Every structure is written in structure tokens, then in C-alpha cells.
Amino acid sequence: DAQGYKAYAGVRLEPNPIWSFEGAIGFGHLGAEDPSEPKLNDLIAKASLIWQPSIKTKITLTAEKDISPSGLECCALSEDINAALEIEHELQRHIFFTAGVEYERSFYKRDDQLLQEVEAEIALEYRFNRTVSARIPPAHEISDSSNDSDDFDTSVIEFGLRVQR
């Protein structure tokens, strides 16, 4: 279990209906219950840039540097860097095509272990209304670790309902 805090200050800019930007920078502190786990004190940041060249198309770039609790047995805390590109296009009323690629890098200080993942996904989505949609997102994920036994490469096809507010 990890305890700590994060504090951000940011800005949102919408110079015109086509472009918008959100960015925040801050400081984070995270400590684990295990005293052998080094505490993380680091600069954190997040940003997103949205370009909407038409009513039907939206392209989003996001980037984030963060500290977080880890899901690995060896290490309770990780320093993370994420970057993503997502494209969304309305094909017909209620039917959307989305495609995206995401890069994630996690560094586990305690074991000096680095984990990098790249995931690419394309999807067809039917939006019943603003909150409920059905998706079919085939995806491919590649994971590369400084510990060779943790590497993997996988393809997945899912079907799901998404509810959002």
C-alpha cells in the first residue's frame, strides 16, 4: 500500500473551436508501507492537445509524467511516463471509428527494473447516446522489460459496453 500526495497547477486554453490545450505541472510524494522501498519525490506533469479539423474528426495527443503505486510483487512504487495518440472519426450518425497508439514506461527504483509497453488499438463504436456505447476494439500489445522473463507480445479482440459520465 502507498500513501502520499500530488499537487498540480495548470491551464486550459481554447484559442478557437479547432484547437484546445490543457497542461498541468506539479510535485508528488509517494511512500510505501515497506521501509525498504525508496520514497518517490518527483516533478509530475500532464498535458493534452486536441485538434478537431472537422465536426466529425478529433485527434488527441496526451503525455504524462507521474509517480504511482505499482502492481508488481517486487516493487510497491513506480515512476511512469505515458504518451498517446488517438484519432476518432464519425462514419455515420452514432457509428465511430477510433484508432490509437499508447506508449508507457515504468521505472521501479527498488529493483532498478524498467518496463516499456506499446499498445495499438482500432475500434468500431456504436454510441446509443452520450453515456452508453458498444465497442469492438481489436488491440495489439508489446511489453519489453529489463527482466527478459517478463516480456510478452499479444493480440486481443474484445466486445464491450462502455458507460461514461
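Just so we're clear, the structure is a prediction, and the values are computed from it rather than from any experiment.

About the criteria used
Residues numbered from 1 in each chain as written. Predicted model: local features only at pLDDT ≥ 70, side-chain atom pairs only at ≥ 80, totals over all residues. Heavy atoms only, no water. Pairing = 2+ DSSP bridges. Helix = DSSP H or I, 4+ residues; strand = E, 2+ residues; numbered from the N terminus. Patch = residues over 30% accessible without salt bridge, like charges linked within 9 Å, V, L, I, M, F, W, Y side chains within 5 Å. Areas by Shrake-Rupley, 256 points an atom, 1.4 Å probe, with all protein chains shown as cover. Salt bridge = Lys/Arg side-chain N within 4 Å of Asp/Glu carboxyl O. Lys, Arg positive; Asp, Glu negative; His and termini not counted. Charge placed at Lys NZ, Arg CZ, Asp CG, Glu CD. Buried < 20%, exposed > 50% of the residue type's maximum accessible area, 1.4 Å probe, protein only.

**With respect to the pairing of strand β7 (residues 113-127)**
Moving on, step 1. Alignment of strand β6 (residues 95-108) against β7, held across 14 bridges, turns out to be antiparallel. If you follow Phe107 over to β7, its bridge partner there is Leu114.
Moving on, step 2. Here 7 bridges tie β7 to strand β9 (residues 139-145), and the two strands are oriented antiparallel to one another. Bridging across to β9, Leu115 finds its partner in Ser145.
Moving on, step 3. As defined by bridge partners, β7 adjoins strand β8 (residues 132-136) across 4 bridges and the pair is classed as antiparallel.

**Structural notes on a negative patch on the surface**
Moving on, step 1. On the surface, Asp144, Asp148, Asp150 and Asp151 cluster together into a negatively charged patch.
Moving on, step 2. Its location among the elements puts Asp151 in the loop between β9 and β10 (152-156).
Moving on, step 3. Overall, Asp151 belongs to the partly exposed group, its relative accessible area being 33%.

**Observations concerning the pairing of strand β3 (residues 40-54)**
Moving on, step 1. Sheet topology places strand β2 (residues 19-32) next to β3; 12 bridges connect them, and they run antiparallel. Paired with Trp19 across the two strands is Trp51, which belongs to β3.
Moving on, step 2. Of the pairings in the sheet, the one linking β3 to strand β4 (residues 57-69) comprises 8 bridges and is antiparallel in character. Bridge pairing in β4 places Trp51 opposite Ile59.
Moving on, step 3. Where β3 folds back on β4, the antiparallel hairpin that results is connected by 2 residues.

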